Amino acid sequence: MKRLWTSLAALLILALVIGACAAPAPPAAAPAEEPAPAEEAEPAQEEAPAAEGAPAVDMVLLPKFLGILVFDQAYQGAQEAHQEIGNPGKLEFLGPTPENSVQGQIEIVTTAATQGMDAIMISNNAGDQIVPAAKAAKEAGMTVVTWDSPIPSAEGEDLFVAQVDFDETGKVMAEMALSILGEDGGKLAILSASPDAANQNAWNAAFQEVLETDPKYANLELVDLVYGNDQSEDSYNQALALVDKYPDLELIMAPTTVGIAAAAKAMQDEGLCDKVKVSGLGLPAEMVSYTLNGCAPEFALWSFKDLGYLTYYVTYLLATGQIEAQEGVTFEAGRMGSYTIEKDPTRDRGLRVLMGPFTIYTAENVEEAAK
Amino acid sequence: MRDIGSYLRSWEGLLLVLVLAVMGFNALQTPYYLRLANQINLFTLSIEKVMVALVMALIIINAEIDLSVASIMGLAACVLAYLHSQGVSVAVGILAGLAVGLLAGAFNGFWIAYVGLPSLAVTLAGLIGYRGAARILLEDRSITDFPEWFNRLGQEGLVGPVPLSLLLFLLLVGLTVIGLQRSAFGRYVYAIGNNRDAARYSGVDVRWIKMQLFMASGLVSALAGLLLAARLGAVRGNTAEGFELDIITMVLLGGVSIFGGSGSMVGVVLAILLVLNLRNGMSLLNITGNTQTGVIGVLLILSVLAPNGVQMVRERWRRRPTTQQG
């Protein structure tokens, strides 16, 4: 026993020594880090050997959680903008796990402020619970931009980069349904994600409203709305159940990337593709085979890569003080052209930049996009 | 008895070495770690969980478990938010939230202590039931417009930069250490955890001790839920969902046996420090998501395997000479 304690004591002393050696390190390292947010006052000479002398801005891209293809694509877009601008600062892609999304996002925003990062781009999955952390980050001098999913109350946020207008989603879905079913129309059903998803509900409502109010779509008959909870197996079974329930069903519209792929697979597996088509919002990489074999001849999505690119641009311009987050301000976002900051009509408060539009994928362009 | 004692001491020693090593590593690796603001953030980001973990340690040492803690946290926060949305003052809402937590704990305790149902089953029902009640209260709404003083209490320093939640945590550390390690109550908790029947025959009021523990767990969970509401400035039906696993993880890592009867508050506090410092260090080094979860998962596996492995080896060692003699 004595031996064990002696060795433990030795380890302890070792640990203390390491700790003690570590202590003086921060003051030495800290000054080197401090000048980062020097912004436009000086053209950040010691940090920026880049040719154009772009000011250094350390940025964090925070997705809802890691391991989802569309968020990786948004990161690709952000990286493209990062290189194009020649920002000598860092771009970090940090995210929580799905089951720890809310606490994880709060922790990452708080830590980014501690680290002296200059800007954070959040696809918010924490509702208003992120507000105190976002506010604290802003107070620490950070630029806080949301993308994909905003802060509901807009508190603590500079602006929101919206992918598409929610009303636009309804119109695009109706247009695709008409193009698949033709002028004579037919019966269709919606396969949605979950009844709790705010964006899904908004899209379904917009879709239903267009079908009811626009005489152009009078022959399209919506017979049911079911939920597959964004689980492949659930969605697959729900799609098959729809076919059983409505023998003359001709189209399943799924405004979710999980639902549309599962429904298309279900129709393909059952050999029903000639009778029942699938459409909605989908990822080219997941949908390419179903589009080519005719199960899902047409579907739509916005580009997450472009969303990441645009988000990076506007955040960089805000962080360097080249533009202000105010209604009516116009800016150039590289290859994507000119955008204007506007009041967000979907929230009581807050500003947004609307990216849009949808890309419609068919057999002609899906292979190119799936690469 | 002496064997267990020395093993415990060495487990705590190992934890202490690990904590110091992680602290030293963090300090060497990132200049932000030692800053006061970060040291406070390190605690406040998980403060609600670690408060509940302190009481959970007492319950597990007593050979029981409380799976309903996170649901009680959520329920207390939702009661406060619901009352606030109905125009009731926040002060009354806080008292109501604490009362609901105490009642929920007493309800658990009644079935476990006086009816004799297994705590695993009762508190599993509580996990689902109290969460259900929380969701019924708020449905899909998010309540946010709490008064400024309430938000400030959760988000800003009370004494200098130290927030109320951290002060309450330190107070609770003191209370649980004295309660478990230095009082008759604590000795009864160990005795019941070791052998419930023996404790009863020697005149310990087993039922009342268990009842008190579950009531304390409900009350502290409710307090933690209210602090979480103040820190986030927002309450939803899913507030604190899933926290119970992190809480139990920290207790087991602290060397508390899942079968009851052994463990110490010092070990639990060290395990809390270890997890928090590890998390903070990884976050500062931009290691997030699955890697972070993975590292802490491996740590827990080791903490469960290591003592059991040591025990198995010891038992074999002991048996061998006896079988040879026979």
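Keep in mind it's a predicted model, so treat the numbers as computed, not measured.

### Some remarks on the overall build of chain A
- Along the backbone of chain A there are 12 helices and 15 strands.
- Buried residues in chain A amount to 52% of all 371 residues.
- In chain A, the share of contacts with a sequence separation of at least 24, taken over all contacts with a separation of at least 6, comes to 68%.
- When the accessible area of chain A is evaluated, it comes to approximately 16000 Å², of which 52% is carbon and sulfur surface.

### Let's talk about the sheet that holds strand β6 (residues 186-192) of chain A
All names here are of chain A.
- One open sheet holds the four strands; their spatial order is β7-β6-β8-β9, and the pairing between them is parallel. The open sheet has two free edges, formed respectively by β7 (220-227) and β9 (277-280), since each of these has just one partner strand. Sheet twist, expressed as the mean angle between neighbouring strand axes with direction ignored, is 25°.
- The sheet contact formed by strand β8 (residues 249-254) and β9 spans four bridges and is parallel. Directly across from A254, in β9, lies its bridge partner G280.
- Along the sheet face, helix α6 (residues 166-181) touches β6, β7, β8 and β9 and points at about 155° away from the line of β8.
- Packing of helix α9 (residues 257-269) onto the sheet brings it into contact with β6, β8 and β9, and relative to β9 it is tilted by some 175°.

### Considerations on a negative patch on the surface
Residues and elements named next belong to chain A.
- Together, D167, E168, E209 and E212 make up a negatively charged patch on the protein surface.
- Relative to the elements of secondary structure, E212 occurs in helix α7 (residues 198-213).
- For E212, a relative accessible area of 68% translates into the label exposed.

### A few points about the packing of aromatic side chains
- Under the criterion given, the structure shown has 17 aromatic pairs over all chains.
- One aromatic cluster is present, formed by F65, F71, W147, W203, W302, F304 and F358 of chain A through successive ring pairs.
- Over the ring of Y309 of chain A we find R335 of chain A, and its NZ or CZ is 4.1 Å from the ring centre.
- In this arrangement the basic side chain of K49 of chain B is found over the ring face of F243 of chain B, its NZ or CZ atom lying 4.6 Å from the centre.

### Here's the deal with the side chain of N62 of chain B
- Examined against the element boundaries, N62 of chain B turns out to sit in the loop between α3 (47-61) and α4 (69-85).
- Sequence-distant contacts of N62 of chain B, defined by excluding residues within four places in its chain, comprise V189, I192, G193, K210 and L213 of chain B.

### Remarks on the nonpolar core
- Counting 92 residues, the largest nonpolar core has V109 and I120 of chain A together with L54, F169 and I272 of chain B as the members making the most contacts within it.
- The residues touching I120 of chain A, leaving out its near neighbours within four places in the chain, are V60, L62, I108, V109, A112, M142, T143, V144 and V145 of chain A.

### Looking at the pattern of salt bridges
- According to the stated counting rule, one finds 20 salt bridges over all chains in the structure shown.
- Across the pair R196 of chain B and E64 of chain B runs a salt bridge, and its minimum N-O distance is 4.0 Å. Note that R196 of chain B is positioned in helix α10 (residues 196-201) and E64 of chain B in the loop between α3 and α4, a separation of 132 residues in sequence.
- A salt bridge links D197 of chain B to R200 of chain B; the shortest N-O distance between them is 3.7 Å. Here R200 of chain B and D197 of chain B lie together in helix α10, a separation of three residues that amounts to about one turn.
- Among the charged side chains, a salt-bridge network with shared partners connects E80, D306 and R335 of chain A.

What counts as what
- Residues numbered from 1 in each chain as written.
- Chains lettered and ligands numbered in written order.
- Predicted model: local features only at pLDDT ≥ 70, side-chain atom pairs only at ≥ 80, totals over all residues.
- Heavy atoms only, no water.
- Helix = DSSP H or I, 4+ residues; strand = E, 2+ residues; numbered from the N terminus.
- Buried < 20%, exposed > 50% of the residue type's maximum accessible area, 1.4 Å probe, protein only.
- Contact = heavy atoms within 4.5 Å.
- Areas by Shrake-Rupley, 256 points an atom, 1.4 Å probe, with all protein chains shown as cover.
- Pairing = 2+ DSSP bridges.
- Axes fitted to C-alpha atoms, helices over the stretch in contact; angles between N-to-C directions.
- Patch = residues over 30% accessible without salt bridge, like charges linked within 9 Å, V, L, I, M, F, W, Y side chains within 5 Å.
- Salt bridge = Lys/Arg side-chain N within 4 Å of Asp/Glu carboxyl O.
- Lys, Arg positive; Asp, Glu negative; His and termini not counted.
- Charge placed at Lys NZ, Arg CZ, Asp CG, Glu CD.
- Phe/Tyr/Trp six-rings, centres within 6.5 Å; stacked < 30°, edge-to-face > 60°.
- Lys NZ or Arg CZ within 6 Å of the ring centre and 35° of its normal.
- Core = buried A, V, L, I, M, F, W, Y, C linked by side-chain atoms within 4.5 Å.

Taken by themselves, the reported measurements are silent on function.
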